Each structure stands twice: as structure tokens, then as C-alpha cells.
Amino acid sequence: MFNAFDQFEDFDEHFLSDSIDKTKWVNYNPKAAHFKEYITAKFELNDISKEDRKIKEKYITTGHPTDISHRAWAKYLYNYIQSL
């Protein structure tokens, strides 16, 4: 129902949020387990101005994550699984 690039600002108010089994998500929270949210926060991409677009493209190009982002996400998931 939701993919890695859906917007999660109003997830809790979304009409489908009650039908999602949150136990299947990392930390039982779709927003915390969301790839784009994680990459944006980890590399502080929300604070980058439009003039510094090249910096953002290092992590996400044309709406798709780069290898740097994929590796960071994989490391995050690996560490999460190891902590279980």
C-alpha cells in the first residue's frame, strides 16, 4: 500500500493507516522504517537549498536513491536486525 517514496506527513490520519499491520515494520512505525525519511534525515537533505542541488543529487537523483543511500539504508537495516 505504501512504498519507499510515499509521503508520510499525515500517515496517522490516513484512512488506510488502521489497516496496516505495524508489527511488520522496523520499530513498528512506518515513518521510522521509511527509506526516504531515513535518508533525508541522515544526510540532512531538507536543509539543503535549491542552489545546492548537486549535494542532494549525491544521495537521491531523479527521485531514485543512489548507491550511497542504498548502502546507508542496508547498514541501518542490518544493525536493526542484529539488535533484535
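For the structure itself, consult the block above.
Everything numeric here is computed off the predicted structure, so don't read it as measured data.

Chemist: Looking at this model, I keep getting lost on the overall build of the chain. Mind explaining?
Modeler: On a plain count of helices and strands, the chain comes out with 3 helices and 2 strands. Taken across its 84 residues, the chain has 29% of its residues classed as buried. A sequence separation of at least 24 residues applies to 47% of the contacts in the chain between residues at least 6 apart. When the accessible surface of the chain is totalled, it reaches about 6,300 Å², and 51% of it is carbon and sulfur.

Chemist: Whenever I open this one, the nonpolar core confuses me. Can you help?
Modeler: One recurring pattern in soluble globular proteins: nonpolar side chains tend to sit buried together. Counting 12 residues, the largest nonpolar core is built from V26, F35, Y38, I39, L45, I48, Y59, I60, A72, W73, Y76 and Y80. Ranked by residues supplied to this core, first place goes to helix α3 (residues 67-82) with 4 residues. Ignoring sequence-local partners within four residues, the contact set of A72 consists of Y38, I39, K42 and F43.

Chemist: Help me understand the packing of aromatic side chains in this model?
Modeler: Two numbers describe a pair of aromatic rings. These are the distance of the centres and the angle of the planes. One pass over the full model with this rule turns up 5 aromatic pairs. Look at Y38 and W73: their rings are 5.5 Å apart centre to centre, the planes differ by 55 degrees, and that puts the pair in the tilted class. Separated by 35 residues along the polypeptide, Y38 in helix α1 (residues 35-42) and W73 in helix α3 bring together distant segments of the chain. Each of the two residues, Y38 as well as W73, counts as buried. Ring geometry for Y38 versus Y76: centroids 4.4 Å apart, planes at 25 degrees, classification stacked.

Chemist: Explain α1 here, please?
Modeler: For an α-helix the count is 3.6 residues per turn, leaving residues at separations of three or four pointing the same way. What α1 keeps buried is the set F35, Y38, I39 and T40. Each element contacted by the buried residues of α1 is listed here: β1 (60-61), β2 (64-65) and α3. Positive backbone phi, approximately 50 degrees, marks E44, located one or two places after α1.

Chemist: Would you take a moment to explain unusual backbone geometry for this structure?
Modeler: The phi torsion of most residues other than glycine is negative, and most of the peptide bonds are trans. Positive phi, close to 50 degrees, is recorded for E44, a residue that is not glycine. Along the polypeptide, E44 turns up in the loop between α1 and α2 (53-57).

Chemist: Where do I start with the packing of α1 against α3 in this structure?
Modeler: Any two packed helices are characterised by how steeply their axes cross, that is the angle between the axes, and by the distance between the axes. Two elements in contact, α1 and α3, have axes separated by 10 Å at closest approach and are oriented at 105 degrees. In terms of orientation, α1 and α3 fall into the roughly perpendicular class. Contacts between α1 and α3 involve F35, Y38, I39 and K42 from the former and S69, H70, A72, W73 and Y76 from the latter.

Chemist: Just checking my understanding: could you explain the side chain of S69 for this structure?
Modeler: Mapped onto the elements of the fold, S69 is located in helix α3. Residues contacting S69, with those up to four places away along its chain left out, are F35, I39 and Y59.

Cut-offs and rules
- Starting afresh in each chain, residues are numbered from 1 along the sequence in its written order.
- Predicted model: local features are reported for residues with pLDDT of at least 70 only, side-chain atom pairs are reported and counted for 80 or more only, and whole-chain, interface and lining totals are derived from all residues.
- Heavy atoms from the whole structure form the basis of all side-chain values; hydrogens and water molecules are not counted.
- Secondary structure elements are defined from DSSP: runs of H or I of at least 4 residues count as helices, runs of E of at least 2 residues count as strands, and each element is numbered from the N terminus.
- For every residue, the accessible area (1.4 Å probe, protein chains only) is compared with the maximum for its type, and the residue is labelled buried under 20%, exposed over 50%, or partly exposed between those bounds.
- Note on contacts: a residue pair qualifies if any of its non-hydrogen atoms lie within 4.5 Å across the two residues.
- Note on areas: Shrake-Rupley, 1.4 Å probe, and residue coverage restricted to the protein chains presented here.
- Take the buried residues of types Ala, Val, Leu, Ile, Met, Phe, Trp, Tyr and Cys, join any two whose side-chain atoms come within 4.5 Å, and each joined set is a nonpolar core.
- Note on aromatic pairs: the rings of Phe, Tyr and Trp (six-membered ring only in Trp) are paired at centre separations within 6.5 Å, and the planes decide the class, stacked below 30 degrees, edge-to-face beyond 60, tilted for the rest.
- For helices, the fitted axis covers only the stretch in contact; all axes are lines through C-alpha atoms, and the angles between them, taken along N-to-C directions, range from 0 to 180 degrees.
- An angle below 35 degrees is read as roughly parallel, one above 145 as roughly antiparallel, one from 65 to 115 as roughly perpendicular, and any other as oblique.

The values are spatial; any link to function lies outside them.
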